[in-house]
Amino acid sequence: MNYYVIYDGNCNLCVTLVRSLETLDQGKLFRYSPMQDEQTLLRWGITTQDCEQGMILIDANEPQRRWQGSDAAEEIGRLLPAGSIFVDAYRALPGMKWAGDRFYEQIRDNRYTIFGKRSNTYQSAYCVDGSCKP
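Computed from a prediction, not measured in an experiment: that's the story for all the values here.

(A) Just the nonpolar core, in detail. In terms of nonpolar packing, the biggest core is built from 18 residues, with Val5, Phe30, Tyr32, Leu57 and Ile76 touching the most fellow members. When residues of this core are traced back to their parent elements, those giving at least two are β1 (3–7), α1 (12–25), β2 (30–34) and α4 (70–79). When neighbours within four sequence positions are excluded, Tyr32 is seen to be in contact with Val5, Tyr7, Val18, Leu21, Glu22, Asp25, Ser124, Tyr126, Cys127 and Val128. Judged by nonpolar contacts, the second largest core, of 10 residues, contains Ile6, Ile46, Cys51 and Ile58.

As structure tokens, this is what we get:
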């Protein structure tokens, strides 16, 4: 089972989180593409307007299965070793999902102001088509 993570390659926070995920996963489960890679986005029918709603996670085996925004972050967490324990506990707490969604939206909408914008787009060593080298 593999998943594609579509992230903002110009966002300092987003790139830091992708790099952390790369270190944890080593390309075993996740492959990455920046939202700025329009050719890759076209492959899945993703528009720049779609990307405005936040990161996207795509099931590589069933590309119609997708998660976006805080749902994508939760699913990534759930897929990590022992991650489901934490995600399930988070989801079980009354009001946490609602609060988490609002928090994600605030960070998403203000990410460049709060964390800064990169001068060049980050390209993961674990790219979607496998042509890149770690």
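(B) Structural context of the packing of aromatic side chains. Summed over the entire model, instances satisfying the criterion amount to four aromatic pairs. Geometrically, the ring pair formed by Tyr3 and Phe30 is tilted, given 6.2 Å between the ring centres and 45° between the ring planes. Placement of the pair is Tyr3 in strand β1 and Phe30 in strand β2, with a sequence separation of 27 residues. Exposure remark for Tyr3: the relative accessible area of 4% places this residue in the buried category. Each ring, one from Tyr3 and one from Trp67, has its centre 6.2 Å from the other, and the planes form 55°; the classification is tilted. Highlighted residues: Tyr3 in strand β1 and Trp67 in strand β4 (residues 66–68), separated in sequence by 64 residues. Ring pairing ties together the aromatic residues Tyr3, Phe30 and Trp67, which thus form one cluster. Here Arg43 stacks its cationic end above the ring of Trp44, 5.6 Å away from the centre of that ring.

(C) Main features of the pattern of salt bridges. Counted by the stated rule, this structure contains nine salt bridges. Close ionic contact of Arg65 with Asp59 constitutes a salt bridge, the shortest N to O distance being 3.0 Å. Because the salt bridges share partners, they merge into one network encompassing Asp71, Glu74, Arg91, Lys97 and Asp101.

(D) Representation of the packing of α4 against helix α6 (residues 96–115). Where α4 meets α6, the axes come as close as 9 Å, and the angle between the chain directions of the two elements is 115°. Taken together, α4 and α6 sit at an angle that is classed as roughly perpendicular. Residues Ser70, Asp71 and Glu74 of α4 pack against Lys97, Gly100, Asp101 and Tyr104 of α6. Among the residues making up the contact of α4 with α6, the classes are represented as one nonpolar, two polar and four charged.

The rules behind the values
- Residues numbered from 1 in each chain as written.
- Predicted model: local features only at pLDDT ≥ 70, side-chain atom pairs only at ≥ 80, totals over all residues.
- Heavy atoms only, no water.
- Core = buried A, V, L, I, M, F, W, Y, C linked by side-chain atoms within 4.5 Å.
- Buried < 20%, exposed > 50% of the residue type's maximum accessible area, 1.4 Å probe, protein only.
- Helix = DSSP H or I, 4+ residues; strand = E, 2+ residues; numbered from the N terminus.
- Contact = heavy atoms within 4.5 Å.
- Phe/Tyr/Trp six-rings, centres within 6.5 Å; stacked < 30°, edge-to-face > 60°.
- Lys NZ or Arg CZ within 6 Å of the ring centre and 35° of its normal.
- Salt bridge = Lys/Arg side-chain N within 4 Å of Asp/Glu carboxyl O.
- Axes fitted to C-alpha atoms, helices over the stretch in contact; angles between N-to-C directions.
- Parallel < 35°, antiparallel > 145°, perpendicular 65-115°, else oblique.
- Nonpolar A, V, L, I, M, F, W, Y, C, P; charged D, E, K, R; others polar.

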